[in-house]
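Residue-level structural notes
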Amino acid sequence: GSEDGSTRRLPGQGEPGRLGGGTGDLTVVLKVKPHPLLRREGALLHCDLPISFFEAALGALIEVPTLEGKVEMKIPPGTQSGAVFRLRGKGIPVPGKTSGPRGDLHVKVIVETPQTLGPHQRDLLARLAQQLPAGTHPRRQKFDEQLRVLFPAGATTLPQDGSRPPRPPEAK
């Protein structure tokens, strides 16, 4: 496989030389059409895979594109957005090798959160959130703990509009 912008030199295939000189070389610059779902980085391929909140929470079997067609990939329950899964040997053949090793396909999971919910669905999710035990969201819990350390109780909170809080009157 060739990467976008790579060049190939074709000896003796260029313009004729001046005053009877030999034919020059032709240099071809390759323009590779981008794949709609895969990105190349050397022998590695990358794919951003959108999955639903429910597939991430419950686990799922998802179809993933490769150069040879689709393969099924298992998403384990509790998968977090940004998790990367490696599919060995599903990338580009290693340059200079006619057969043998291939690079890998790295699949990055992007968890999509529902953008439109009706009142009933909002109520169901709110009830689910109330029933989840402590520790269900360890990254959020750690973030909140760090926030409390950085800004202890009683610390000034800036308004969301970016304005500054009023200054206390100066002592005379």
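Calculation rules
Residues numbered from 1 in each chain as written. Predicted model: local features only at pLDDT ≥ 70, side-chain atom pairs only at ≥ 80, totals over all residues. Heavy atoms only, no water. Patch = residues over 30% accessible without salt bridge, like charges linked within 9 Å, V, L, I, M, F, W, Y side chains within 5 Å. Areas by Shrake-Rupley, 256 points an atom, 1.4 Å probe, with all protein chains shown as cover. Salt bridge = Lys/Arg side-chain N within 4 Å of Asp/Glu carboxyl O. Helix = DSSP H or I, 4+ residues; strand = E, 2+ residues; numbered from the N terminus. Core = buried A, V, L, I, M, F, W, Y, C linked by side-chain atoms within 4.5 Å. Buried < 20%, exposed > 50% of the residue type's maximum accessible area, 1.4 Å probe, protein only. Contact = heavy atoms within 4.5 Å. Pairing = 2+ DSSP bridges. Axes fitted to C-alpha atoms, helices over the stretch in contact; angles between N-to-C directions. Expected span 1.5 Å × (residues − 1).

The next point concerns a nonpolar patch on the surface. A grouping of F143, L147, L150 and F151 is seen on the molecular surface, where their side chains present a nonpolar patch of about 450 Å² in accessible area. Structurally, the position occupied by F151 is in the segment after α3 (138-150).

This paragraph deals with the nonpolar core. Core analysis: the largest hydrophobic core is formed by 16 residues, its most contacted members being L49, I51, V64, M73, I75, L105 and V107. If you list the elements that add at least two residues to this core, you get β4 (44-52), β5 (60-66), β6 (69-75) and β8 (105-112). A total of four residues in this core trace back to one element, the largest contributor, which is β4. Sequence-distant contacts of L49, that is, excluding residues within four places in its chain, are made with I62, E63, V64, M73, I75, V107, K108, V109 and I110.

This part takes up the sheet that holds β8. Spatially, four strands are ordered β3-β4-β8-β7 in an open sheet, and the strand pairing comes out mixed. The sheet is open, and its two edges are formed by β3 (39-41) and β7 (84-87), each paired on a single side. With strand direction ignored, the average angle separating the axes of adjacent strands in the sheet is 30°. The pairing of β4 with β8 spans eight bridges and is classified as parallel. Across the sheet, residue P50 finds its bridge partner in β8, namely I110.

Let's shift gears to the pattern of salt bridges. Scanning the model with the defined rule gives seven salt bridges in all. Linking E68 and R102 is a salt bridge whose minimum nitrogen-to-oxygen distance equals 2.9 Å. Residue E68 is located in the loop between β5 and β6, and its partner R102 is located in the loop between β7 and β8; the two are separated by 34 residues in the primary sequence. Taking the relative accessible area as the measure of exposure, E68 reaches 54% and is therefore exposed. Residue R102 is classed as partly exposed on the basis of its relative accessible area of 31%. A salt bridge links R127 to D123, with the nearest nitrogen and oxygen atoms 3.2 Å apart. Of this pair, R127 and D123 both sit in helix α2 (residues 119-131), four residues apart, which is roughly one turn of that helix.

Our next topic: α3. In a regular helix each residue adds 1.5 Å, so 13 residues correspond to 18 Å; α3 covers 18 Å between its end C-alpha atoms and thus fits that length. Among the 13 residues that make up α3, zero are buried, leaving the element largely open to the surroundings.

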